[in-house]
Amino acid sequence: MMEKVIIIGGGIGGLAMANCLQLQGIDFELYEQAPRLTEVGAGIGMSKSALDILEKIGVSEKVHRAGSFIKYACVKDRNLSLIRELPVELDSICIHRARLVEILGENIPSAKVKLGKRIKSIDQGSGVVKVLFADETSASANCVVVADGINSAIRNQIFPDIKIRYADQIIWRGLTKINLPAYYDNRFVEIWDNRKRFLFVPMDKEHIFWLAVQKGKPGGKDDLAIIKNDLFRDFADFSPLVKDLIKNSENFIRNDLADLGGQPRKWSSGNIAFIGDAIHATTPNLAQGACQAIEDAYALAACLKKHAHDLPKAFSTYQALRQEKAMLVVNTSWRLGQMAHTANPFLQYLFKKFWRFAPDSLFKKQEKVINDLSYTEKIN
Ligand SMILES: Cc1cc2nc3c(=O)[nH]c(=O)nc-3n(C[C@H](O)[C@H](O)[C@H](O)COP(=O)(O)OP(=O)(O)OC[C@H]3O[C@@H](n4cnc5c(N)ncnc54)[C@H](O)[C@@H]3O)c2cc1C
């Protein structure tokens, strides 16, 4: 019988897991290495499937109030001439990451969240998992959920063969307060030009969230004193609006785009299950990584409730339900990113044609598949 679940990691996935266990009436303790629950200064897109789960756990009203609905997705060229506009038919929101984490955190009792606890390693005994912290303390439970992100120390310990795959693309994110023309309200804009991309979307009443992507090798670091000028130069031939967003940005966050590849793998080992980026990190081209982590959390908590006396069954049911969609996201997002930055002029040409002429039905189908939660009905 499962008495308590230990969750490792207090990012969006771990916090969603805590909320979903609470929903199922399952006791938990969450351990996070940082001294407080928060996230970087950037926006995040939540699609309908994730919003539906946020509604089930009772936080959707707060999320709706804090974020901004996205009603249209547009692809434009560097001069902001429209290539394609698609209505976003299923609810989708852009919200500040830190606010989302705050909302998820304030919905669970603070006594169940242990901060400043970095997990060093994990020991599996017969039926009991002992979690060892960097401060030399430990905690035990017969069920552990690992949500410690793409660089997961626990995954490296248990599944050392899973390697990070770099896309050789660098992404910068930031928040800017400028007045955009009313046309941009509720519009997500993605500008594609010459192997560079610039994206922006209104995030709340004050901020525009922007992202800039270009080719580059992983492992680099920005000099914060000059990054604004560097990006300004790199995107110099883009519309003045893009340059305004860069020039007035409050911050610049740099990441190497990466995932964990699409090879089949186990999502659990003994009494330990993995969720989110720790087991199926994706590149962000579909804005789905955190949404998929939230879906993992909901499905795993429901499986733990249904098979409370049979952990192997709970874990195998969870993976069987989730992996097809998670892998679809990983593979589609990877391909999209590779096409967007291809050096091959013929492929560039084909890709542009695709955006102009692919039928709406194709995009609608993808939106439906990504937002499908009907698999959760199979749990009960
Ligand atoms: C540029 C960019 C844009 C993105 N945009 C979107 C988007 O629009 N929509 C979307 O859905 N997704 C998006 N994503 C993906 C999303 O950010 C991730 O998929 C999501 O944050 C993963 O959540 P997680 O909880 O699995 O991992 P993480 O967010 O990485 O959280 C892991 C947590 O575990 C903690 N931790 C790590 N190691 C330890 C340890 N040893 N002990 C204790 N705690 C530990 C960390 O401190 C952290 O709090 C984007 C990603 C990037 C890079």
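Now for a look at the structure at hand. Remember, predicted model here, so these are calculated numbers, not experimental data.

## Overview of the overall build of the protein chain
Okay, step 1: In terms of regular secondary structure, the protein chain is built from 12 helices and 19 strands.
Okay, step 2: Radius of gyration (C-alpha) of the protein chain: 21 Å, near the 21 Å computed for a compact globule of 380 residues.
Okay, step 3: C-alpha extents for the protein chain along the principal axes are approximately 60 × 45 × 40 Å.
Okay, step 4: A burial count over the protein chain gives 53% of its 380 residues as buried.
Okay, step 5: Taking as baseline every contact in the protein chain between residues at least 6 positions apart, the subset at least 24 positions apart corresponds to 73%.

## Focus: the nonpolar core
Okay, step 1: Ranked by size, the top nonpolar core spans 80 residues in total, and within it V5, M17, M46, L54 and L304 carry the most contacts.
Okay, step 2: With 11 residues, helix α9 (residues 289-306) is the single largest residue contributor to this core.
Okay, step 3: Setting aside its immediate chain neighbours within four residues, V5 contacts L21, I26, D27, F28, E29, C143, V145 and L304.
Okay, step 4: Judged by nonpolar contacts, the second largest core, of 22 residues, contains I178, I191, F200 and F238.

## Thoughts on a nonpolar patch on the surface
Okay, step 1: Taken together, the side chains of F346, Y349 and L350 present a nonpolar region at the surface, about 330 Å² in accessible area.
Okay, step 2: Position of F346 among the secondary structure elements: in helix α11 (residues 345-357).
Okay, step 3: Assessed through its relative accessible area of 53%, F346 is described here as exposed.

## Considering helix α12 (residues 360-370)
Okay, step 1: Listed as buried for α12 are F363, E367 and I370. Taken down its axis, α12 places every buried residue within 70 degrees of arc, on the same side. More than 90 degrees from the buried face of α12, the exposed residues found are K365 and K368.
Okay, step 2: Of the surrounding secondary structure, the elements contacted by the buried residues of α12 are α2 (48-56), β6 (82-87), α9, α10 (311-340) and α11.

## Here's the deal with the pattern of salt bridges
Okay, step 1: By the definition in use, this model includes 26 salt bridges.
Okay, step 2: Across the pair D259 and R165 runs a salt bridge whose closest N-O atoms are separated by 2.8 Å. You can see D259 sitting in strand β17 (residues 253-259) and its partner R165 sitting in strand β13 (residues 165-176), a full 94 residues away along the chain.
Okay, step 3: The partner of R233 in a salt bridge is D230, and the shortest N-O contact between them spans 3.5 Å. Residue R233 and its partner D230 are both found in helix α6 (residues 227-234); the two are separated by 3 residues, about one turn of the helix.
Okay, step 4: Among the residues examined, R233 registers a relative accessible area of 54% and is labelled exposed.

## Describing the site of the ligand
Okay, step 1: Lining the immediate environment of the ligand, one finds 28 residues, of which G13, E32, G45, R97 and D277 sit closest.
Okay, step 2: At 2.8 Å from an oxygen atom of the ligand is found a main-chain nitrogen or oxygen belonging to G13.
Okay, step 3: In isolation the ligand exposes 1000 Å². Once the protein is present, 86% of that is buried.
Okay, step 4: Looking at the shell around the ligand, the elements that each hand over two or more residues are α1 (12-23), β3 (43-47), β13 and α9.

## With respect to the sheet that holds strand β10 (residues 129-133)
Okay, step 1: An order of β9-β10-β11 is seen for the 3 strands of this open sheet, with the pairing classed as antiparallel. Each end of this open sheet is capped by a strand with a single partner; those strands are β9 (119-124) and β11 (138-141). Geometrically, the sheet is characterised by an average inter-axis angle of 20 degrees between neighbouring strands, direction not taken into account.
Okay, step 2: Pairing of β10 with β11 involves 4 bridges; the strand directions are antiparallel.

## Examining the pairing of β11
Okay, step 1: Of the two faces of β11, the one holding A139 and A141 is buried and the one holding S138 and S140 is not buried anywhere.
Okay, step 2: The loop that links β10 with its antiparallel partner β11 comprises 4 residues; one of these, E136, has a positive phi angle of about 75 degrees.

## As for the environment of V101
Okay, step 1: Along the chain, V101 falls in helix α4 (residues 97-106).
Okay, step 2: Spatially, the C-alpha atom of V101 lies 6.1 Å from that of I12, the residues being 89 residues apart in sequence.

## A short note on the packing of aromatic side chains
Okay, step 1: As enumerated under the stated definition, the model contains 18 aromatic pairs in all.
Okay, step 2: By way of ring pairs, the aromatic residues Y183, Y184, F198, F200, W210, F235, F238 and F252 are connected into one cluster.
Okay, step 3: Here the basic side chain of K117 rests over the ring of F133, its NZ or CZ set 4.7 Å away from the ring centre.
Okay, step 4: The positively charged end of K196 is found above the aromatic ring belonging to F235, 5.8 Å away from the centroid.

## Notes on unusual backbone geometry
Okay, step 1: Although it is not a glycine, L80 sits at a positive phi angle of roughly 70 degrees.
Okay, step 2: With respect to the element layout, L80 can be found in the loop between β5 (72-76) and β6.

## Focus: the sheet that holds strand β1 (residues 5-8)
Okay, step 1: Spatial strand order, β8-β2-β1-β12-β19-β18: 6 strands in an open sheet with mixed pairing. The open sheet is flanked by β8 (113-114) and β18 (268-269), the only strands paired with a single partner.
Okay, step 2: Where β1 and strand β12 (residues 143-146) come together, 4 bridges link them in parallel fashion. For I6, the partnering residue across the bridge sits in β12 and is V144.
Okay, step 3: Contacts from α10 reach β12, β18 and β19 (272-274), with the element oriented near 10 degrees to β19.

Criteria and cut-off values
Residues numbered from 1 in each chain as written. Predicted model: local features only at pLDDT ≥ 70, side-chain atom pairs only at ≥ 80, totals over all residues. Heavy atoms only, no water. Helix = DSSP H or I, 4+ residues; strand = E, 2+ residues; numbered from the N terminus. Rg over C-alpha atoms; globule rule 2.2 N^0.38 Å. Buried < 20%, exposed > 50% of the residue type's maximum accessible area, 1.4 Å probe, protein only. Contact = heavy atoms within 4.5 Å. Core = buried A, V, L, I, M, F, W, Y, C linked by side-chain atoms within 4.5 Å. Patch = residues over 30% accessible without salt bridge, like charges linked within 9 Å, V, L, I, M, F, W, Y side chains within 5 Å. Areas by Shrake-Rupley, 256 points an atom, 1.4 Å probe, with all protein chains shown as cover. Salt bridge = Lys/Arg side-chain N within 4 Å of Asp/Glu carboxyl O. Arc of directions from axis to C-beta. Near = heavy atom within 4 Å. Polar contact = N/O pair within 3.5 Å; in protein donor to acceptor, adjacent residues only side chain to side chain. Pairing = 2+ DSSP bridges. Axes fitted to C-alpha atoms, helices over the stretch in contact; angles between N-to-C directions. Phe/Tyr/Trp six-rings, centres within 6.5 Å; stacked < 30°, edge-to-face > 60°. Lys NZ or Arg CZ within 6 Å of the ring centre and 35° of its normal.

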